[in-house]
Amino acid sequence: MLGLLTVHCIMSILLRSIPVRSLSTGTSTFPLPPKPPSNPNILKQTHEQGTSYGTIVIGGGHAGCEALSSSSTLTSTLCITQKLSQVGELSCNPSIGGIGKGHLVREIDALDGVMGKAADLGCCHFRMLNERKGTAVRGPRGQMDRDLYKSAVQSILSEKSNLDFLEGAVEDLIIDFDVDGEKVVKGVVTNTGEEILADAVVVTTGTFLGGTLMCGLERYSGGRHLRDSEAVEPPSNALSKTFRGLNFDVGRLKTGTPPRLNGDTIDYDLLEKQGSDSEPIGFDHVRQFNGLRLPNEKDFITCYKTATNEETHRLCLEYEHLLPRYDGAEGDGMGPRYCPSIYKKVQRFPERTGHNCFLEPEGINTNIVYPNGMSGPYPPEIQQKIINSMYGMSETEIIVPGYDVEYDFINPIGLKHTLETKDVGGLYLAGQICGTTGYEEAAAQGVVAGANAGLKSKGDEREFIVGRDEGYIGVLVDDLVTKGVTEPYRMFTSRSEYRLSLRADNADLRLTRKGVEYGIVTDDERVEALEERKREVERGVEALEKFRLFVSEWSEKGGDKMGGTFSSSKKKSSVKKSAHEVLRMPHVTLGDIENIMKSEDDKFQSVSLNSHDTVEATVKYSAYLHRQEKDMDSWRKAQGLLIPPDIVYDRTNFPTLKEEELQLLKKFRPGTLGDANSIQGITPQGLVYLQQFVRKRGRKRDRNRASQI
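Remember, it's a predicted structure, so these values are computed and weren't measured experimentally.

1. Description of the overall build of the protein
Helices and strands together make up the secondary structure of the protein, namely 24 helices and 26 strands. Considered along the principal axes of its C-alpha atoms, the protein spans approximately 85 × 70 × 65 Å. When burial is assessed residue by residue, the protein has 58% of its 709 residues classed as buried. Within the protein, residue pairs in contact and separated by at least 24 positions form 74% of the contacts whose partners lie at least 6 positions apart. Between the mean site of the 88 positive side-chain charges and the mean site of the 99 negative ones, the protein shows a separation of 7 Å.

This is the structure we're talking about:
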């Protein structure tokens, strides 16, 4: 029985700009949105009983969709999911991309995945985050119209000729033994008892594996709430038992989604606007190559920013006794460190007087608003008080309360770099089942798992593995399978030791050819776009190398930032410098340089928007890339370096380390640099700093000893 949650946690989120009726529930009043007209199902059940497949993918979330796409390019593939209408659903926040995450989306697209194309088709607001910083850490982020995004995903998958669909649940795996006596998967058993055979199985169960939903002190089984009805999608409990029966290392993690708000009751006049970029570029490399604008650009929405305050924080602490008790972490639950609930923010940072909340409309034709940063599964009436305590939201109505979900995951240290399990051949895992959090992280794993499942089913012995030096997908997978997971893993640019070369702007140049080599990129237009862009970048860099002016001329045309100290020296101002050299100066942009080149040559053609950032970064980072590779080569050779046990991990010794890294080093006190590398949360750059400190300390000790002799 759902008890009060039948009323309180009605997750019918698809409200379409219509008058709001209210439903009184005891001491609280929440709007009850009428059920909207359902969109026609794009995906149809096509599986015929008795058919076997190269790959079976369990689940139709972001990991599942990418696994379906990459596998079906290589072999016959079946998608089994509880509701075909929910394939591609954005379960929580209505956005794709961000810092680190946007890099993953561009890489997925470079490998002809689904997410980037669907994101451009569903985008209703776009911003390049970290725009004022270097291109290496800029993160493309698009706000999605939930319905447009889901429809785009389903339309893309429906065009796959090698892909079947079955609406149902998987209750068990069919396990056999190979000639060497090793366990291998041979297929699945559905909830109807049908046995479907396959050479490989990819499990992408998301939050459904042993899922428990929580709102206040209420607990009930489920993987998530449907947003267009009162129904709860059931968890995958039988499959959870299967993994335990196979002796996998199963743990519990949690995540949460905030309440949804009635945008008509928000006082936007008091809030700060968050508009879109004037020239949004999106994620799809082919669309960019063709010079196409984002299709919904004329209907782009505006987001807004508010913040919590001391009253909000007081309420969060006053009612903490009404928060759920979880199975994991001794009742506290193990949630995402980098996307915490509002309660966790208040608890961890008592000195803060406010935390930002971004109000994000869930689509073009809806008044439902997603309050980003405000998850917290308090009882509904407490959620209402918390929301009303915020600036500009004193009259804001909650349409549906937020909730948490706790679910099973498999420690990914039991996986290979192909995402195949070490204990059961042909069985692959991807997404939140591997301990990650976020759509983009899940989708990236889906590409890898689906590609390798497809290769295995074809009898192709090659393994599709993205190296750490090739992409953030490689960083993600390597971190998971070598370090394991103790808390939900989220991607950041700081996790990569090669972030200067692994940029969002050059994902296609890094990965598309690899996708062609392994057979998961077969689109001729995508390959043509890659080759033309590669040529354009080369032409752009060459033009910068050839264009030369005297230092005095650069200073005259571009000011001190181009002439610098050279402009004050008569001798040096008579020296010519190339545009390539001047662009490497700190505050000079490619736009600045091109304006000067145009003034000198009427026939000069600027680099296209599609390649602008890539040309600029190629020049800007040319010297740093050599130094980066040198540092990392030194670090790789120093894995066995002993770390003195008496090192004090504080700001005095390590001023550049993050607070999280200092705390982890204090806790685990690694004996070698290799041991430090195995600690989840220690960044590659942090390891370089640690190595440098240990070596410097060793040299100082040796000098002291020598002086005493």
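2. A short note on the packing of helix H3 (residues 101-110) against helix H11 (residues 439-458)
Running from amino to carboxyl end, H3 crosses H11 at an angle of 30 degrees, the nearest separation of the two axes being 9 Å. One element, H3, and the other, H11, form an angle in the roughly parallel class. Along this stretch, H3 crosses H11, giving a crossing that reads as left-handed. Together, Lys-101, Leu-104, Val-105 and Ile-108 of H3 and Glu-440, Glu-441, Ala-443, Ala-444 and Val-447 of H11 make up the contact between the two elements. Taken together, the residues of the contact of H3 with H11 sort by class into 6 nonpolar, no polar and 3 charged.

3. Comments concerning the confidence of the model for the protein
On average, residues of the protein carry a pLDDT of 89, and 91% of them reach 70 or more. Segment residues 1-38 is flagged for pLDDT under 50; beyond a separation of four residues in sequence, or across chains, it makes 93 contacts in the model.

4. Notes on the nonpolar core
By size, the foremost hydrophobic cluster in this structure holds 101 residues, and its most contacted members are Ile-96, Phe-243 and Phe-464. For this core, the element with the most residues is H11, which contributes 10 residues. Apart from the residues lying within four places of it in its own chain, the contact partners of Ile-96 are Leu-90, Val-105, Met-115, Ala-119, Pro-140, Arg-141, Gly-142, Met-144, Tyr-149, Phe-283, Tyr-439 and Glu-440. Counting 23 residues, the second-largest nonpolar core is a separate cluster that includes Leu-315, Leu-322, Val-369 and Ile-398.

5. Re the pattern of salt bridges
Within this structure, the stated rule accounts for 41 salt bridges. Between Asp-112 and Arg-526 there is a salt bridge; the shortest N-O distance is 3.2 Å. Residue Asp-112 is found in the loop between H3 and helix H4 (115-122), and its partner Arg-526 is found in helix H14 (residues 524-546); the two are separated by 414 residues along the sequence. A relative accessible area of 3% means that Arg-526 is categorised as buried. Measuring nitrogen to oxygen at the nearest pair gives 3.5 Å for the salt bridge that ties Lys-456 to Glu-420. With Lys-456 in helix H11 and Glu-420 in the loop between strand S23 (403-410) and strand S24 (427-429), this pair connects stretches of sequence that are 36 residues apart. Take Glu-420: its relative accessible area is 5%, and that puts it in the buried class. Connected through shared salt-bridge partners, Asp-109, Asp-112, Lys-117, Asp-284 and Arg-526 make up one network.

6. With respect to the side chain of Asp-508
With respect to the element layout, Asp-508 can be found in helix H13 (residues 507-517). Its relative accessible area of 4% is what places Asp-508 among the buried residues. Excluding residues within four positions of it along the chain, Asp-508 makes contact with Ala-110, His-285, Leu-530 and Arg-533.

7. So, the sheet that holds strand S7 (residues 139-144)
In space, the 3 strands of this open sheet follow the order S5-S7-S6, with antiparallel pairing throughout. Strand pairing shows two members of the sheet lacking a second neighbour, strand S5 (95-97) and strand S6 (123-129), which therefore form its edges. Taken pair by pair, the neighbouring strands of this sheet meet at an average axis angle of 20 degrees, ignoring direction. Relative to S7, S5 runs antiparallel, the two sharing 3 bridges.

8. Focus on the pairing of strand S19 (residues 303-307)
Pairing geometry for strand S18 (residues 272-274) and S19, over 3 bridges, is antiparallel. Its bridge partner being in S19, Lys-273 is matched across the sheet by Tyr-304. Sheet analysis places S19 next to strand S20 (residues 356-361), joined by 4 bridges and oriented antiparallel. Paired with Thr-306 across the bridge in S20 is Cys-357.

9. Quick look at the state of the cysteines
If you walk through the whole model with that rule in mind, you get 0 disulfides. Here Cys-123 stays unpaired: no disulfide links it, and the sulfur of Cys-124, its closest cysteine neighbor, is 6.3 Å away. The buried category is assigned to Cys-123, whose relative accessible area is 1%. Here Cys-434 stays unpaired: no disulfide links it, and the sulfur of Cys-65, its closest cysteine neighbor, is 16 Å away.

10. Focus on the packing of helix H2 (residues 62-72) against H11
With their axes 7 Å apart at the nearest point, H2 and H11 run at an angle of 30 degrees to one another. Taken together, the axis directions place H2 and H11 in an arrangement best described as roughly parallel. The crossing of H2 and H11 is right-handed. Residue-level inspection shows His-62, Ala-63, Glu-66, Ala-67, Ser-70 and Ser-71 of H2 in contact with H11, the latter providing Tyr-439, Ala-442, Ala-443, Gly-446, Val-447, Gly-450, Ala-451 and Gly-454. Of the residues belonging to the contact of H2 with H11, the class tally is 7 nonpolar, 6 polar and 1 charged.

Calculation criteria
Residues numbered from 1 in each chain as written. Predicted model: local features only at pLDDT ≥ 70, side-chain atom pairs only at ≥ 80, totals over all residues. Heavy atoms only, no water. Helix = DSSP H or I, 4+ residues; strand = E, 2+ residues; numbered from the N terminus. Buried < 20%, exposed > 50% of the residue type's maximum accessible area, 1.4 Å probe, protein only. Contact = heavy atoms within 4.5 Å. Lys, Arg positive; Asp, Glu negative; His and termini not counted. Charge placed at Lys NZ, Arg CZ, Asp CG, Glu CD. Axes fitted to C-alpha atoms, helices over the stretch in contact; angles between N-to-C directions. Parallel < 35°, antiparallel > 145°, perpendicular 65-115°, else oblique. Left-handed = near helix turned anticlockwise from the far one by under 90°. Nonpolar A, V, L, I, M, F, W, Y, C, P; charged D, E, K, R; others polar. pLDDT = per-residue confidence, 0-100. Core = buried A, V, L, I, M, F, W, Y, C linked by side-chain atoms within 4.5 Å. Salt bridge = Lys/Arg side-chain N within 4 Å of Asp/Glu carboxyl O. Pairing = 2+ DSSP bridges. Disulfide = S-S within 2.5 Å.

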